[in-house]
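Given next are the chains, with one letter for each unit.
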Amino acid sequence: MLTATSPDPPTVLIPMPHISAKDLKSNYDVIVVGSGAGGGQTAYTLAMEGVKVLMLEAGRNYDPASETPMFQENFRAPLRGASTPDKPFGFYDATVDGGWQVPGEPYTNASSEPGRKFEWWRSRMLGGRTNHWGRISLRNGPYDFKPYSRDGLGFDWPINYEDLAEYYDRVEMLIGVYGSNEGLENTPNSSPGVLQPPPKARAGEVFTRHHGRKLGLPVIPIHRAVLSTRLDSKTIPAKLHPRNPRAQSILAQAMDERAACFWATPCGRGCSIKANYQSTTVHLPPALATGNLDILSDAMVSELIMSDAGKATGVKFIERKSRQEMQVKARIVVLSASACESVRVLLNSKSARYPNGVANSSGKVGKYIMDTVGARLSGQIPALENLPAHNEDGAGGGHVYVPWWLYREQHAGKLGFARGYHIEFTSGRQMPGMGTFSPLDWINGGRYGRAFKEDARRYYGSFIGYAGRGEMIPNEDSFCEIDPVVRDKWGIPVLRFHWKWSEHENRQAAHMQQTFADLISAMGGRVRSAPEKDGSKAIEPGGSIIHEVGGAIMGSTARNSVTNQWCQTWDVKNLFLTDGAPFCSNADKNPTLTIMALAWRSADYMLEEMRKGNL
Amino acid sequence: MNSPLSGRLDRRAAIKWMLAGTATVMVIDRATFAQSSPVSGGKGYGTDPDLIKEYKPGDFWPLTFTDHQRRTATMLCSVIIPADERSPSAGELLVQDFIDEWISAPYPGHDRDRERILSGLVWLDGESKTRFGRVFIELKEGQQSAICADICREEVKQPEWVEPSRFFKRFRDLTAGGFYTTREGMLDVGYVGNVPLATFEGPGPEVLAKLGLA
């Protein structure tokens, strides 16, 4: 029986055989909890290699082919598509049942002081946050895996860049990433032929590139998981699945079902033509086509089931429609529910034998939660006024960015903060929304009538915004634990967060704003607001960049970390975490690509260990 | 200035006091917004609305404007964004109905806009009567414009125009948001996207030349 609520989309050759709870098999090889970037990649790798996988997703089934609002203009939406508490990123954002608050599923903060709160974005849908994310896919560089060795702060990873480089290549070939190889410091090249060609820069991006040179800012093509051309289904499958003709043929078919970007509609809505990566369009269809993957949606996992021998034998979950608690078993359990949600499952798996939760002999579960440092500044650029009308929709997100460029100065201790940031752009003649013309008053002092209309034409497209995305160093004051009192509507104890930025992050945020102000001035523009000298006023609240990682960090010993380099918990050898939880640092690079590369590597390790009979 | 607590109070002063946000707001609100019911606590469109469907104001929550308020809002929309050779007026594109939807929405912040807009519309009639002896929609174009000219600026010197100018700014923001999200409004400013393209060519030579980067 199918639980899918949407009709089969016309172009999809691969059925989506989601199961209902009564069709669960009595045993699986692997249970994967979560269906986003980490869960999607884990299930894909395992299912393609013949492993029987059950994926449990807390939210509802979701079909991008039939549910994505591709060309809907804002006038068709309630409130012109403006954001509301129901849809925090606007009406047409892909997120289902999600946001920084999920009804009936609270979390708490230990402190209400400014700067001490963490806001936790979740979504409750198949594919999770991959459906709406920005698709920015940057590799961590060699420094990013050895930050402690470099400056004495935080932790080194138990792996090097070289250990993951091959997996970055594989993920990029599978999902399709545009970008270029620039050979810049700690900004790795992909192997030849892996990246897709980047789209041309827009007017504001070109203008920034030109004037950014005066400040030494390298404006280069960004890497995003959007197909600028169709994937090469003739050669890539054999590279990804050598000696596995069936996997190759399934993947080739799945790749052929993905269209190249047609340079319209924002990626945050999702993509019905599968031109960008989301787990639901890229990982899950081929994995399902193998017949090795069952997906059960509306299954909210509450805790692990442990054997007397100290192995995970399965999970308990609440079937959301019937509100019944159920169990399912497997040889291996993989938590990939998003860093904090996976931590929550570990901590809630308490028993006499595991008084602090499972896989927590180190006491490190929940520790070292990190987000990305965010600060922004916007301005108006006279040179961009009155440009001839032209289409700047492009790839539905940025085409260029500025990687961190002050490694030498920072390493010499000249900056006052230890880690770097990259710069993302918002520019151009985007589809007007509710806020597009709000800054006009600032420019023209407040007008109405024909003069207002003329100003709108003149200034449209001349506003530009820069956002810094920087590395946060893990600290002892940023962690989560189980709230002793509060439970969610399923009766599951919730997380309580503790949060604190260090001066490294605050100073970095102030540096971001000063850089943006200098850049806007260099372009002959006007800054919307003066840059904050006090970084604690510039920095966005913890959790607002939605890059939370850590909480079950990987390391080289069981004493000071939760998992080994394979994302395998030290304490329970058939328990793995393949989301952001094992990150022991959070480079300025957006985490999703690294989550997928680590998940693939971890799944390869599971395959090997299963073959050897160790798992 | 009259105190709302002392003796008789003319309508104009009362509204000014109301707009200034004194303790009497609640009392005067009752009279001014007699027709309207409170919006707080109502239901929105939820966290999983159908994104493919097309919606119109009133689909999710009841609207507010009385006939007179709607006619006044229509007129003000069209004073702010009048018809010209490139596009129709905001009133012709029914932006007033969007504003009605906005101020009726059961989300945080919208109740504040509701109070500001409804109070402002009352003020507008009061000011029109004081200056020209008629309500706003009955004024000549030049008379309407004369009032707007006094409250349209970002920096307002006269204390009695501070609150009305806040109302005007918010109304103008909503009008612009409503107008430039229509097809006519998007075309007016030269938004030519939202169409599938075979290739993305980036800025053409004409654009680069204007940027001095040809």
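This one's a predicted model, so the numbers in the text were calculated from it and none came from an experiment.

Quick question: what am I supposed to make of the overall build of chain A here?
Within chain A, the secondary structure is distributed over 17 helices and 16 strands. A compact globule built from 615 residues should have a C-alpha radius of gyration of about 25 Å, and chain A, at 24 Å, falls within 12% of that. Along the three orthogonal principal directions, the C-alpha set of chain A runs to about 75 × 55 × 45 Å. The burial tally for chain A puts 67% of its 615 residues in the buried class.

Teacher, can you tell me more about the pairing of strand β1 (residues 28–33) of chain A here?
Regular strands place side chains that alternate from one sheet face to the opposite one. All names here are of chain A. Burial analysis of β1 places six of its six residues in the buried class, which makes it a mostly covered element. Pairing analysis gives five bridges linking β1 to strand β8 (residues 324–335), with the strands arranged parallel. Across the sheet, the residue bridging to Val 33 is Leu 335, located in β8. The pairing of β1 with strand β2 (residues 53–56) spans four bridges and is parallel. The residue bridging Val 30 from the neighbouring strand is Val 53, located in β2.

What is the right way to look at the interface of chain B and chain A in this model?
Many descriptions give the size of an interface as the accessible area lost when the pieces come together. On the side of chain A, 75 residues touch chain B, which itself brings 73 residues to the contact. For the pair chain B and chain A, the summed buried surface comes to about 6300 Å²; carbon and sulfur atoms form 61% of the total. In terms of surface lost to chain A, no three residues of chain B exceed Thr 47, Leu 51 and Phe 200 of chain B, which account for 13% of the buried area on that side. Here Arg 76 of chain A makes a salt bridge to Glu 54 of chain B, at a shortest N to O gap of 2.5 Å.

How do you make sense of the sheet that holds strand β12 (residues 463–470) of chain A when you look at a structure like this?
Strands in a sheet are paired, the pairing made by backbone hydrogen bonds, and the direction either parallel or antiparallel. All names here are of chain A. As summarised here, the arrangement of the six strands in space is β4-β10-β11-β12-β9-β15, forming an open sheet in which the pairing is antiparallel. Each edge of the open sheet carries a strand with a single partner, namely β4 (220–221) and β15 (526–527). In terms of strand pairing, strand β11 (residues 421–426) meets β12 through six bridges, oriented antiparallel. Bridge pairing in β12 links His 422 to Arg 469. Helix-sheet contacts for helix α15 (residues 503–522) involve β9 (373–380), β11, β12 and β15, and the interaxial angle to β9 is about 20 degrees.

Basis of the calculations
Residues numbered from 1 in each chain as written. Chains lettered and ligands numbered in written order. Predicted model: local features only at pLDDT ≥ 70, side-chain atom pairs only at ≥ 80, totals over all residues. Heavy atoms only, no water. Helix = DSSP H or I, 4+ residues; strand = E, 2+ residues; numbered from the N terminus. Rg over C-alpha atoms; globule rule 2.2 N^0.38 Å. Buried < 20%, exposed > 50% of the residue type's maximum accessible area, 1.4 Å probe, protein only. Pairing = 2+ DSSP bridges. Contact = heavy atoms within 4.5 Å. Buried area = accessible area lost by both parts, 1.4 Å probe. Salt bridge = Lys/Arg side-chain N within 4 Å of Asp/Glu carboxyl O. Axes fitted to C-alpha atoms, helices over the stretch in contact; angles between N-to-C directions.

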